[in-house]
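# Understanding the architecture of this molecule
Spelled out, the chains give:
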Amino acid sequence: MPDPERPAGPGGYDPVGPRPREAVSPTGQGGPIDLAIEEAESVEGIEKDAEPRGPAGPKEKARSLWSDAWHELRRNPVFIISSLMILFLIVISIWPQLIASGDPLHCELSKSQQGSAPGHPFGYDTQGCDVYTRTVYGARASITVGVCATLGAALLGSALGGLAGFFGSWGDALLSRVADIFFGIPVVLGGLVFLSVVTSTTVWPVVGFIVLLGWPQVARIARGSVITAKQNDYVQAARALGAGNGRMLLRHVAPNAVAPVIVVATIALGTYIALEATLSFLGVGLRPPTVSWGIDISNAASQIRNAPHMLLYPAGALSLTVLAFIMLGDAVRDALDPKLR
């Protein structure tokens, strides 16, 4: 600290400089103090106006995994096309009367196997029913089975697999052995055995069967993802700070382990729709009077030479639906897996 008894220079100017926290005011004479004050104000104004910049421009806020994935999905044309197709299918499955004004159960036997006609662009089937109307209404059963079965398998499989992977011990071993048993059951053969004794004409027996055979795949993916996530440093830090198992599982492990489950479930949805059509084609899935693409394909298989339009349109609708969901699953997988970018 400068000596208070030290004499000041000419004009009261202290050559050593102002004392700490001492206010300095301009002299108005254009001396060194006025020049230093002007330079300091200029530098301060530049620092306030300047934005923090990174190596290549303004500094951006770091994005999370989900925001980064959404950013990638919006730029992916495969995701956009498949999403529009799925949105259209969901709309017509909820409100099929928007594009089909007829009754799918109204048939005129005199028009059996006739081709395209005014107001009936897809022609008629063997019973004289409008193929166009039945194709539109068939989306409801297929979408319902696919969505409900996917949700059931994803919830059950992720819950069992997540708990087994987090706690380990004998529960993990038991789940692995039970999953191996279900993996050994052929899907089509299991459907023939399980659904052949069911007399219900609703979609719920088919949904229950698909969930029964679909959850082990999701459980195995969820188990491996949870085992990887719980070994991270932030989970160990939370455990060291005294966090309970429930809090660690719900707040730290599950949000970072759910991405692979979403990818598998999205791809499996299209597979479940195709499985429902296969079981309906074999006569053990959905049954009349339910309108289903699998039922229409089964009825048209024997008449493929005489009336190929009966098979072409429901099979084409089924193929486009399965393709849309598989494309969506591939796009989601690419967005959530940084290694594939």
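Described in the following lines is the structure provided in the data block. Throughout, a residue's number is its position along its own chain's written sequence, starting from 1. For this predicted model, a pLDDT threshold of at least 70 governs which residues receive local features, and a threshold of 80 or more governs which side-chain atom pairs are given and counted, while totals over whole chains, interfaces and linings are taken from all residues. Hydrogens and water are ignored here; the side-chain numbers use all heavy atoms of the structure.

Turning to empty space enclosed by the protein, a few remarks are in order. Buriedness of a pocket was judged along seven lines, with at least five required to meet protein on both sides within 12 Å; pockets are open sets of points on a 1 Å grid over the protein atoms alone, cavities are sets where a 1.4 Å probe fits but cannot get out, and lining residues have an atom within 4 Å of a point. Grid points are joined across faces, edges and corners, and a volume is the space filled by probe spheres set on the points. Considering all chains together, one arrives at one cavity of 30 Å³ or more under this definition. Lining the largest cavity, in full, are Leu195, Val198, Ser200, Thr202, Pro205, Val206, Val284, Gly285 and Arg287. Think of it as three bins: nonpolar holds Ala, Val, Leu, Ile, Met, Phe, Trp, Tyr, Cys and Pro, charged holds Asp, Glu, Lys and Arg, and polar takes everything else, Gly as well. Within the lining of the largest cavity, the residues separate by chemical class into five nonpolar, three polar and one charged.

Throughout this description, the term salt bridge denotes a Lys or Arg side-chain nitrogen within 4 Å of a carboxyl oxygen of Asp or Glu. This model, assessed by the stated rule, comprises seven salt bridges. Put simply, Arg134 and Asp296 hold a salt bridge, and the shortest N to O gap is 2.9 Å. One end of the pair, Arg134, is in helix α4 (residues 131-167); the other, Asp296, is in helix α11 (residues 293-300), with 162 residues separating them in the sequence. Partly exposed residues are those whose accessible area sits between 20% and 50% of the maximum for their type, while under 20% is buried and over 50% is exposed, using a 1.4 Å probe and protein chains only. Judged by its relative accessible area of 10%, Asp296 is buried. Asp180 serves as the salt-bridge partner of Arg177, at 3.0 Å between the closest nitrogen and oxygen. With Arg177 and Asp180 both in helix α5 (residues 169-183) and three residues apart, this pair spans about one turn of that helix. Relative accessible area serves as the criterion here: at 34%, Asp180 is assigned to the partly exposed category. Helix numbering and strand numbering both begin at the N terminus, where a helix is a DSSP run of H or I of at least 4 residues and a strand a DSSP run of E of at least 2.

Grouped together as the largest cluster of nonpolar side chains are 29 residues, with contacts concentrated most on Ile273, Leu318, Phe325 and Leu336. The set of elements that each furnish at least two residues to this core consists of α2 (65-74), α3 (77-94), α4, α10 (259-281), α11 and α12 (309-336). Tallying contributions element by element places α12 first for this core, with twelve residues. In contact with Phe325, other than residues within four places in its own chain, are Ile86, Ile143, Thr266, Leu269, Gly270 and Ile273. We call a set of buried Ala, Val, Leu, Ile, Met, Phe, Trp, Tyr and Cys residues a nonpolar core when their side-chain atoms join them within 4.5 Å. When checking whether two residues touch, look at their non-hydrogen atoms; a contact exists if any pair is within 4.5 Å.

What follows is about the state of the cysteines. Cysteine sulfur atoms that come within 2.5 Å of each other are treated as a disulfide pair. Under the counting rule described, the total for this entry stands at one disulfide. Each sulfur of the disulfide joining Cys107 and Cys129 lies 1.5 Å from the other. When the S-S torsion is 60°, as for the bridge of Cys107 with Cys129, the disulfide is right-handed. With Cys107 in the loop between α3 and α4 and Cys129 in the loop between α3 and α4, the pair connects residues that are 22 residues apart, well separated along the chain. According to the relative accessible area criterion, Cys107 is partly exposed, its value standing at 32%. A residue is classified by how much of its surface remains accessible, and Cys129, at 4% relative accessible area, is buried.

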